[in-house]
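Chain residues, written in single-letter form:
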Amino acid sequence: MRRFGYLVEQGPQGVVRECDTATCGHCQFVMQLPPAPEGRVIVRIAAPCGMCRRFVCDQCKAKGGCEPWEKRMERMERRERLRDFAARG
Amino acid sequence: MGRYAANLNRTLSTTQSLGSIGQGGSLRRHRWIDIVLGCDGTPGDTAVRAAIQRCTALGTSTAVTPVALDPGDTACSALAGHNHTVEPTYTGGAVLLQLVFNQRSTVRWFAAPGEELVCPATSANGIGIQTPVAPSLSGWAAVVFEE
């Protein structure tokens, strides 16, 4: 199973660029990884989160803490269910 | 869980979205697996920047019917649309993917299993495709998603 996503740009003369991608485990930002060895770093991966062990982007790393996207979605969905329940009386 | 493909098309605009996919009647999470972006206007040499961003309202658009990749699947509940007359309400800072490419190029991104872009099952939540830098040419996006 692939660990990374994949991004490819195909121009008239063939492949212009291709790179692996990693999705931030906290905000889902897609980070484009540099092709080794001389590729330019487009977005740097900070490091895997110490808690959830998923790759996180620099911005989430700087915020600190660990709130995986899955947990955030569960919270949003729970809040909406409560709102609906309250609205129905 | 079924897979669906939606083809979004419009004359690219720096102020109007190329298209969006979001929650429909019954709320179900959907996951973007594969995105293909391109320009099918007269070949030129201009840059296109596409930003794929979360939104909390889908705006007003022409409906696109996503096609089930497995004909045995039921119709999807997600709503796809293009040619927005009212823009989606984008979530500030929630750009998930930025793609910069030449107008002559086609760019494709697909997610590793478990790394898809997921929309929560809350009303009107979705993802839209904007083109903050773009020539006034016909552009399209093919999105494969799962729900």
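Residues numbered from 1 in each chain as written. Chains lettered and ligands numbered in written order. Predicted model: local features only at pLDDT ≥ 70, side-chain atom pairs only at ≥ 80, totals over all residues. Heavy atoms only, no water.

**Q** Describe the overall build of chain B, with residues and values.
**A** Helix and strand counts for chain B stand at 0 helices and 12 strands. Counting only C-alpha atoms, chain B reaches 40 × 30 × 25 Å along its principal axes. Burial statistics for chain B: of 147 residues in total, 54% are counted as buried. For chain B, the proportion of contacts with a sequence separation of at least 24, taken over those separated by at least 6, is 88%. Here chain B displays about 5,800 Å² of accessible surface, and carbon together with sulfur accounts for 54% of that area. (Helix = DSSP H or I, 4+ residues; strand = E, 2+ residues; numbered from the N terminus. Buried < 20%, exposed > 50% of the residue type's maximum accessible area, 1.4 Å probe, protein only. Contact = heavy atoms within 4.5 Å. Areas by Shrake-Rupley, 256 points an atom, 1.4 Å probe, with all protein chains shown as cover.)

**Q** Account for the nonpolar core, naming residues and giving values.
**A** Counting 34 residues, the largest nonpolar core has W32, L37, I52, L99, L117, I129 and F145 of chain B as its most contacted members. Secondary structure elements with two or more residues in this core: β1 (3-11), β3 (30-39), β4 (47-57), β8 (89-102), β9 (106-110), β10 (117-119), β11 (126-133) and β12 (138-146) of chain B. Of all hydrophobic cores here, the second largest spans 10 residues; its members include M31, C49, F55 and C57 of chain A. (Core = buried A, V, L, I, M, F, W, Y, C linked by side-chain atoms within 4.5 Å.)

**Q** Explain the side chain of T131 of chain B to me, using residue names and the numbers behind them.
**A** Residues and elements named next belong to chain B. By the secondary structure assignment, T131 is in strand β11. Looking at T131, the relative accessible area reads 4%, which means it is buried. A polar side-chain atom of T131 sits 2.7 Å from the main-chain carbonyl oxygen of S13. Once you skip the residues sitting within four places of it in the chain, T131 turns out to touch L12, S13, T14, Q16, V48, R49 and A50. (Polar contact = N/O pair within 3.5 Å; in protein donor to acceptor, adjacent residues only side chain to side chain.)

**Q** How would you sum up helix α2 (residues 69-88) of chain A? Please name residues and give values.
**A** Here α2 of chain A spans 29 Å end to end across 20 residues, near enough to the 28 Å set by a 1.5 Å rise per residue. Residues of α2 of chain A that are buried: W69, M73, E77 and E80 of chain A. Angularly, the buried residues of α2 of chain A cover 70 degrees about the axis, an arc narrow enough to put them on a single face. For α2 of chain A, the exposed residues set more than 90 degrees away from the buried face come down to L82, F85 and A86 of chain A. Packing partners of the buried residues in α2 of chain A comprise β4 and β10 of chain B. (Expected span 1.5 Å × (residues − 1). Arc of directions from axis to C-beta.)

**Q** With reference to specific residues and values, describe the sheet that holds β4 of chain B.
**A** Residue and element names in this part refer to chain B. Across the sheet, which stays open at both edges, the 6 strands sit in the order β5-β7-β2-β11-β4-β8 with antiparallel pairing between neighbours. Both edges of this open sheet fall to β5 (60-64) and β8, since each of them pairs with a single strand only. Between one strand axis and the next, the sheet turns by 30 degrees as a mean value, whatever way the strands run. Sheet topology places strand β2 (residues 19-22) next to β11; 4 bridges connect them, and they run antiparallel. What sits directly across from S20, in β11, is G128. (Pairing = 2+ DSSP bridges. Axes fitted to C-alpha atoms, helices over the stretch in contact; angles between N-to-C directions.)

**Q** Could you give an account of the environment of F101 of chain B, with specific residues and numbers?
**A** Structurally, F101 of chain B is set in strand β8. What makes F101 of chain B buried here is its relative accessible area of 5%. Spatially, the C-alpha atoms of F101 of chain B and G38 of chain B are 8.9 Å apart, while their sequence positions differ by 63 residues. Leave out the neighbours within four places in its chain, and F101 of chain B touches E9 of chain A together with L37, G38, T46, A47, V48, A50 and V107 of chain B.

**Q** Let's hear about the state of the cysteines: which residues, and what values?
**A** Tallied over the full model, the rule gives 0 disulfides over all chains. Here C66 of chain A is not disulfide-linked; the sulfur of C49 of chain A is the nearest cysteine sulfur, at 3.6 Å. (Disulfide = S-S within 2.5 Å.)

**Q** Quick rundown of the interface of chain B and chain A? Include the residues and the values.
**A** Counting residues at the interface gives 32 residues for chain B and 29 residues for chain A. At the boundary of chain B with chain A, total buried surface from both sides reaches about 2,300 Å², with 51% on carbon and sulfur atoms. At the surface where chain B touches chain A, the tally comes to 3 salt bridges. In this structure, the salt-bridge partner of E70 of chain A is R29 of chain B, at a minimum N-O distance of 2.7 Å. Here chain B is connected to chain A by 19 residue pairs in polar contact (both at pLDDT 80 or more). If you list the elements that add at least two residues to the side of chain B that touches chain A, you get β8, β9 and β10 of chain B. The dominant element in the side of chain B that touches chain A, judged by the number of residues it contributes, is β8 of chain B, at 8 residues. (Buried area = accessible area lost by both parts, 1.4 Å probe. Salt bridge = Lys/Arg side-chain N within 4 Å of Asp/Glu carboxyl O.)

**Q** Quick one: what's the story with the pattern of salt bridges, residue by residue and with numbers?
**A** Within this structure, the stated rule accounts for 9 salt bridges over all chains. Two residues, E9 of chain A and R17 of chain A, come together in a salt bridge whose shortest N-O distance is 3.0 Å. Salt bridges sharing partners connect three or more residues here, namely E70 and E77 of chain A together with R29 of chain B.

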